[in-house]
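So you can see what is in the structure, the chains are spelled out below.
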Amino acid sequence: MTETKSAAAAPKAARAKTAKSTDSTVTPFPNFEAFSMPNMEIPTATREMAEKGIEQVRESYAKIKTAAEDATDLMEDGFETTRRGVLDFNHKAVDAAKANTDATFKFVKDMFEVKTLAEMIELQSSFARTQFEAFTGQAKDMQELSTKLSGEMTETVKGAYEKASKDFKAA
């Protein structure tokens, strides 16, 4: 049994001895030249030029980052302007639809109260005339609102583009 212990202990001792002899500062392949690094001194002019280049890159990055953040803010403003305009446009469309529906229901109610054919024709002519005028007014309002909305969106996008291109050229 002692022989088994000493046989098992021998490989452990050999491994411990090998592990202790390995130093972290020594290269794993000391005779292989591809892994060795020669000690070189970088000239001061080269070092200064590299540091200046790094500083210029940092400044350019900061300018580009600022320009990108500004462009993002302008895009968000443009999206908000568009959202607000579309919401106003939709409200106006719903209001027009409600007015037209109310007028139609009133017309139908009045049609049930008609006693003669002449009253029916008069009521129908009057309804057609008022609805045509209402549609004309609603179309004009919608056109004005859409023109205003497209102008606001165009100005926002144009301003964002001009600012971003100016900032990018400066960077």
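Each chain has its residues counted from 1, following the order in which its sequence is written. This being a predicted model, a pLDDT of at least 70 is required before a residue's local features are given, and a value of 80 or more before pairs of side-chain atoms are given or counted; all residues contribute to the totals for chains, interfaces and linings. Side-chain figures throughout are based on the complete set of non-hydrogen atoms in the structure, without hydrogens or water.

Starting at the N terminus, helices and strands are each numbered in turn, a helix being any DSSP run of H or I of at least four residues and a strand any DSSP run of E of at least two. Along the protein, the regular secondary structure elements total three helices and zero strands. Listing the helices and strands of the protein from first to last along the sequence gives α-α-α. The buried share of the protein, taken over its 171 residues, is 9%. Considering only intrachain contacts with a sequence separation of at least 6, the fraction spanning at least 24 residues in the protein is 78%. Computed with the Shrake-Rupley method and a 1.4 Å probe, the accessible areas treat only the protein chains shown as cover for residues. Counting only carbon and sulfur atoms, one obtains 63% of the accessible surface of the protein, whose full area is about 14400 Å². Partly exposed residues are those whose accessible area sits between 20% and 50% of the maximum for their type, while under 20% is buried and over 50% is exposed, using a 1.4 Å probe and protein chains only. We call two residues in contact when some of their heavy atoms are within 4.5 Å.

Take Gln-138: it is sitting in helix H3 (residues 117–170). Its relative accessible area of 17% is what places Gln-138 among the buried residues. Look past the residues within four positions of Gln-138 in its chain and what remains in contact with it is Ala-96, Ala-99 and Asn-100.

A few words on a negative patch on the surface. Taken together, the side chains of Glu-69, Asp-73, Glu-76 and Asp-77 make up a negatively charged region of the molecular surface. The topology assignment puts Asp-73 in helix H2 (residues 44–112). The partly exposed category is assigned to Asp-73, whose relative accessible area is 41%. Candidates for patches are residues over 30% relative accessible area with no salt bridge; among them, like charges are joined within 9 Å and nonpolar side chains (Val, Leu, Ile, Met, Phe, Trp, Tyr) within 5 Å. By definition, a salt bridge exists where a carboxyl oxygen of Asp or Glu is found within 4 Å of a side-chain nitrogen of Lys or Arg. Asp and Glu count as negative and Lys and Arg as positive, but His and the ends of the chain are not part of the count. Taken as the charge centre is NZ of Lys, CZ of Arg, CG of Asp or CD of Glu, depending on the residue.

Here H2 spans 101 Å end to end across 69 residues, near enough to the 102 Å set by a 1.5 Å rise per residue. Taken residue by residue, H2 has Ala-67, Gly-78, Thr-81, Gly-85, Ala-96, Asn-100, Phe-107 and Asp-110 as its buried positions. To estimate how far a helix should extend, the number of its residues minus one is multiplied by 1.5 Å.

According to the stated counting rule, one finds four salt bridges in the structure shown. One salt-bridge network, held together by shared partners, links Glu-80, Arg-83 and Arg-84.

Take the confidence of the model for the protein next. pLDDT measures the predictor's confidence residue by residue and takes values from 0 up to 100. Residues with a pLDDT of 70 or more make up 74% of the protein, whose mean pLDDT is 79. Taking the mean pLDDT of every element in the protein, the minimum, 48, falls on helix H1 (residues 2–21) and the maximum, 89, on H2. Scored below 50 in pLDDT, residues 1–10 makes zero contacts in the model with residues more than four places away or belonging to other chains. Ignoring residues within four places in sequence, the model shows residues 13–23, a span with pLDDT below 50, making zero contacts including any to other chains.

Our next topic: the packing of aromatic side chains. Think of it this way: a Phe, Tyr or Trp ring, Trp meaning its six-membered ring, pairs with another when their centres are within 6.5 Å, and the plane angle makes it stacked under 30 degrees, edge-to-face over 60, tilted otherwise. Counted under the stated rule, the structure contains one aromatic pair. Taking the centre distance of 4.2 Å and the plane angle of 15° together, the rings of Phe-107 and Phe-127 count as stacked. Of this pair, Phe-107 sits in helix H2 while Phe-127 sits in helix H3, and the two are 20 residues apart along the sequence. Phe-127 matches Phe-107 in its accessibility class, with the two residues each being buried.

Further remarks concern the side chain of Asn-100. For Asn-100, the position within the fold is in helix H2. Accessibility expressed as a relative area gives 14% for Asn-100, which makes it buried. Here Gln-131 takes part through its side chain, which lies 3.5 Å from a polar atom of the side chain of Asn-100. The definition of a polar contact used here is a pair of N or O atoms within 3.5 Å, where within protein one atom must be able to donate a hydrogen and the other to accept one, and adjacent residues in sequence count solely through side-chain atom pairs. Side chain to side chain, Asn-100 and Gln-138 meet in a polar contact 3.1 Å long. Each residue touching Asn-100, except ones within four places of it in the same chain, is listed here: Gln-131, Ala-134, Phe-135 and Gln-138.

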